[in-house]
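Take a look at the letters that make up each chain.
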Amino acid sequence: MATETKDGIFGKKERGLLLDPINDNNPVTVQILGVCSALAVTSQVYPALIMALGVTLVTAFSNLVTSALRKTIPASIRMIIQLLIVAVLVQVVEMLLGAFAYSAYEMLSVFIGLIITNCIVMGRLEAYAMANKPWQSFLDGIGNGLGYGFILVVMAVIRELTGKGSFMGWRVLPAEVYTVNNLMVLPCASLFLIGILIWIQRSANRKLIDVS
Amino acid sequence: MQNNIKIYLYVLVMTSISAAVLSFLYNVLDPLQAKNKEDAKKRSILNSLPDVKADIDFDKTVKITLLDATGKVIFTQKEDTKTEDIDKQMAELNKRGQGVKYAKLIDVDLALEEKFPLDKRIYPVYSYVSAGKTTQIVSIRGSGLWDKIWGFISMDYKDGKWTISGVNFEHKAETPGLGAEIKDSKDFKDQFKGKQIYDDAGKYVSVAVVKVPKNKNWEVKSISGSTVTSVGVSEMMIRGISYYLPYLDAVSGKALTEKK
């Protein structure tokens, strides 16, 4: 058993932290967190990618900072401090986007600010970062950000393809071949799309099949 | 009590650090963002031209004219306009208050002008010169379904008539796939090309957005499923361009003979 703890900074446990949230413990399709933004920013692939990157950065670094401070944070105000950390990081992401990815900044507008209220971020802080070491928490944050981003991008690819006949803004399905379906661009389309994704995942992944 | 002091101190230290980090980053990144915003606006103006190329230099090809609320020219940018003159004019405009602080001609924006009463507003005209021909681009702004919509209309004086050569619309929060099509749909925007703003009798009519266009010179087809946004565009086209009529009339006499 001792060998497991000697795995170093990137052993089996760390790999699990990164990969579990992508399938077995996906924050969107399994824990049903962060659905609000998953519904709203998935009509095109590019903003979805940027949003995924933003959430990954915020969860990873807020996990890291919270975990580093976890022993000093007074228990009675821990949520306030967590929220402060998240708010600062979101503001940083917003400023970075405005300076270096302006078109994405314009497209995402209010949703960047809404990362603060994304349940995944606070959820990971409370559930993981407050009780684990900084490095593991950082990886957990990246993993959950990627799990969220993965679903976001899958949905965006499907919606952009069927709703606009394009991919990353390039028209790939010519108008003569495929008549675009405007319904897929509307937020309601992502609601049933997310349902279908959950359905597929639950039938394919044995660990998620409800045995009760 | 002891415990409370610790909590207060903790919060104080944390918020101070956060404030320091944010204000430092703001100072570093804000100029970059302001430049991006300006570039996006320039691109949006140039996109109203029919034959827009990506490498057009805005500052070299476009001159900005400012009109007052009666359509009278209050400032014209020329090749040899000095920076001091612009500064002076901007200071004059900034005197109107409302927190509006212009530094450059490109800063003048209808979004900010909306803070002033109608008779104090300033309207910018962008004159694009290419191959000796001057195209006038006017800025218009109105309301869509969810929030503001705005746009730039480029017009040429052809055969004694002001003819639209291209339009570019922007929106803040219209529904993707429906109202947002005013920006995203090339077909919608292309309809405006060749439309006129005066009818045959010389009366100002602008271009209306209607369900079934009957009059090919002055009407375009609306976007089905987004009536409110279409009506907003229609209203914006009619009211928005009307502010520039005195200027267009004054220019049109000149445009016929102007050669470079």
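Structure's up top.
Rules of the game
- Residues numbered from 1 in each chain as written.
- Chains lettered and ligands numbered in written order.
- Predicted model: local features only at pLDDT ≥ 70, side-chain atom pairs only at ≥ 80, totals over all residues.
- Helix = DSSP H or I, 4+ residues; strand = E, 2+ residues; numbered from the N terminus.
- Rg over C-alpha atoms; globule rule 2.2 N^0.38 Å.
- Contact = placed C-beta atoms within 7 Å.
- Core = buried A, V, L, I, M, F, W, Y, C linked by C-beta atoms within 7 Å.
- Buried ≥ 20, exposed ≤ 12 C-beta atoms within 10 Å, placed from the backbone.

This part takes up the overall build of chain A. Along chain A, the regular secondary structure elements total 10 helices and two strands. Put simply, chain A runs from its N terminus to its C terminus through helices and strands in the order α-α-α-α-α-α-α-α-α-β-β-α. Here the C-alpha atoms of chain A give a radius of gyration of 19 Å, agreeing with the 17 Å that 2.2 N^0.38 yields for 212 residues. By its C-alpha atoms, chain A is 60 × 45 × 30 Å across when sized along the principal axes. Counted over contacts in chain A with a minimum sequence separation of 6, partners at least 24 positions apart contribute 76%.

Residue and element names in this part refer to chain A. If you look at the biggest cluster of nonpolar residues, it comprises 45 residues, and the most contacted ones within it are Met51, Val58 and Leu152. At the level of secondary structure, the elements contributing two or more residues to this core comprise helix H4 (45-69), helix H5 (78-100), helix H6 (102-108), helix H8 (119-127), helix H9 (134-164) and helix H10 (187-204). Broken down by element, the residue count for this core peaks at 10 residues, all from H4. Setting aside its immediate chain neighbours within four residues, Leu152 contacts Ala38, Thr42, Ala48, Met51 and Ala52.

Quick look at unusual backbone geometry now. Positive phi is not limited to glycine here, since Ile32 of chain A has a value of about 55°. With respect to the helices and strands, Ile32 of chain A occurs in the loop between helix H2 (12-19) and helix H3 (35-40). Its 13 C-beta neighbours within 10 Å are what place Ile32 of chain A among the partly exposed residues. Non-glycine residue Gln98 of chain B carries a positive phi angle of around 60°. Take Gln98 of chain B: it is sitting in the loop between helix H3 (83-94) and helix H4 (110-113).

Keep in mind these numbers describe shape, not what the thing actually does.
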